[in-house]
Amino acid sequence: MQTLPVAVTANVAKIRARTRSTIMAVVKADGYGHGAVTVAKAAVAAGAGWLGTTSVAEASALRAARLAAPILTWLHPCGIDAGAAAAARVDIAVGSVDELGALVAQATSQAASRVRVHLHVDTGMSRGGCPRGQWDELIGLARRGQQAGRVRVVGVMGHLPLADRADPAANAPAVAAMHEARQAVRAAGLGSPLVHLAATSGTVTDPATHFGMVRVGAGLVGIDPSGTVEMRGASRLTAPIVHTTAAPAGTPVGYAGTYVTDRATHLSVLPVGYADGIPRECSPQAGVEIRGRRLPVVGRVSMDQIVIDTGAESFPAGTSATVFGPDGGATPTIQDWARWAGTIPHTIVTGIGPRVKRSTA
């Protein structure tokens, strides 16, 4: 089995082959469920120049793990602590006039406490970032804050709303808006800050979106939302069989008996369920791998367990089943589980619950 760091290293190499821009390794949601520190260390060792998180607290945890790379944080679900950001040497993205005003008021003019800021502008997502009609106000406030020595504008960022289509024409409006925002910042006398727009899909499909830096998160752990590049899977979920029974034809399985055996067979129970991230709503094609065979999940997914139809073979307790992994073949992938559940691979890996033990090997 490939270790997590090996997979991340391979995926960073694939990204590097597609861009000359600096790579930011985004490790939000605990490194997409794989462990933020482990993914961050592997990505930096492989050549990522920046790290990205959603809060100063997440960034501070990376600093505590002795990661020295520049870190940018955005979203700020618990607000922004200017002092903590400055102390941890963490850059802050601000996406509204009110947010920047509060940050400027909170910061001090002492050089050690000056906050490094990335202006987050809305480039078509309507989900965050400063709306186009307020760019001038945001940039003006940033200029005054910088002149007062409270903040320093070092970056401008946006998001691509349609990059998963792998169509540069769909990205063109956001790219044009990013150029416009960069020019407005320069015209305001704020220098030539680092510009970044693309996430994984834009990075692998459209060089026009790259600017000075690209932000790669899902791609680190083997997910390409554009479906154009085969990334290396970084995760494997296994579980031991805890119970096996012989079942005659006509045996109902699980809550409400939604599945009934159509022949004499054997049923095995795995101690993982929807509390652990196994999608409750999945198609009849869902399965796991045991000893090189793909075996179907039958009946409803319970909170703590799933049932596998193993046919004529009876597996003893302790037999290991692979729920998903990077191997392909009989082993389901996270992409398989996403298809079976009618969702995206991101939700599979980020949904794995805390009861599941993590290992990097």
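In this text the structure is predicted, and so the values were computed from the model without any measurement.

**A closer look at the pairing of strand β2 (residues 50-53)**
Right, so step 1: The two faces of β2 match: W50 and G52 on one face and L51 and T53 on the other face are all buried.
Right, so step 2: Inspection of the sheet shows β2 paired to strand β3 (residues 71-73) by 3 bridges, in the parallel sense. By the bridge assignment, L51 is partnered in β3 with I71.
Right, so step 3: In this fold, β2 hands off to helix α4 (residues 56-64), which returns the chain to β3; that crossover is right-handed.

**Here we look at the nonpolar core**
Right, so step 1: Counting residues in hydrophobic clusters, the biggest one holds 97 residues, and the most contacted among them are L100, L119, L270, V288, I306 and W337.
Right, so step 2: Excluding residues that lie within four positions of it along the chain, L270 makes contacts with A239, P240, I241, V288, D304, Q305, I306, I308 and A321.

**Details of helix α3 (residues 36-46)**
Right, so step 1: Within α3, burial applies to A36, V39, A40, A42 and A43. Summarising the axial view, the buried residues of α3 lie within an arc of 165°, below the 170-degree limit, and thus occupy one face.
Right, so step 2: Lining the buried residues of α3 we find α1 (4-16), β1 (22-26), α2 (28-32), β2 and α4.
Right, so step 3: Immediately beyond the C-terminal end of α3, within one or two residues, lies G47, with a positive phi of roughly 120°.

**Points about unusual backbone geometry**
Right, so step 1: Phi at A29 takes a positive value of approximately 50°, unusual for a residue other than glycine.
Right, so step 2: Relative to the helices and strands, A29 resides in helix α2.
Right, so step 3: In this structure A29 comes out as partly exposed when scored by relative accessible area, which is 42%.

Definitions and cut-offs
Numbering of residues starts from 1 in each chain and follows the order in which that chain's sequence is written. Selection of residues for local features in this predicted model requires a pLDDT of at least 70, selection of side-chain atom pairs for listing and counting requires 80 or more, and totals for whole chains, interfaces and linings are taken over all residues. To get the side-chain values, take all heavy atoms of the structure and skip hydrogens and water. Remark: exposure states derive from per-residue accessible area (1.4 Å probe, protein chains only) relative to the maximum for the residue type, with buried under 20%, exposed over 50%, and partly exposed in between. For helices the rule is a DSSP run of H or I covering at least 4 residues; for strands it is a run of E covering at least 2, with both sets numbered from the N terminus onward. Two strands pair under a simple rule: DSSP has to find at least two bridges between them. When the strands point away from the viewer and the path from the first strand over the helix to the second turns clockwise, the crossover is right-handed. The set of buried Ala, Val, Leu, Ile, Met, Phe, Trp, Tyr and Cys residues whose side-chain atoms join them within 4.5 Å is what this entry labels a nonpolar core. When checking whether two residues touch, look at their non-hydrogen atoms; a contact exists if any pair is within 4.5 Å. Working definition: the arc comes from the directions between the helix axis and the C-beta atoms, pointing outward to the latter.

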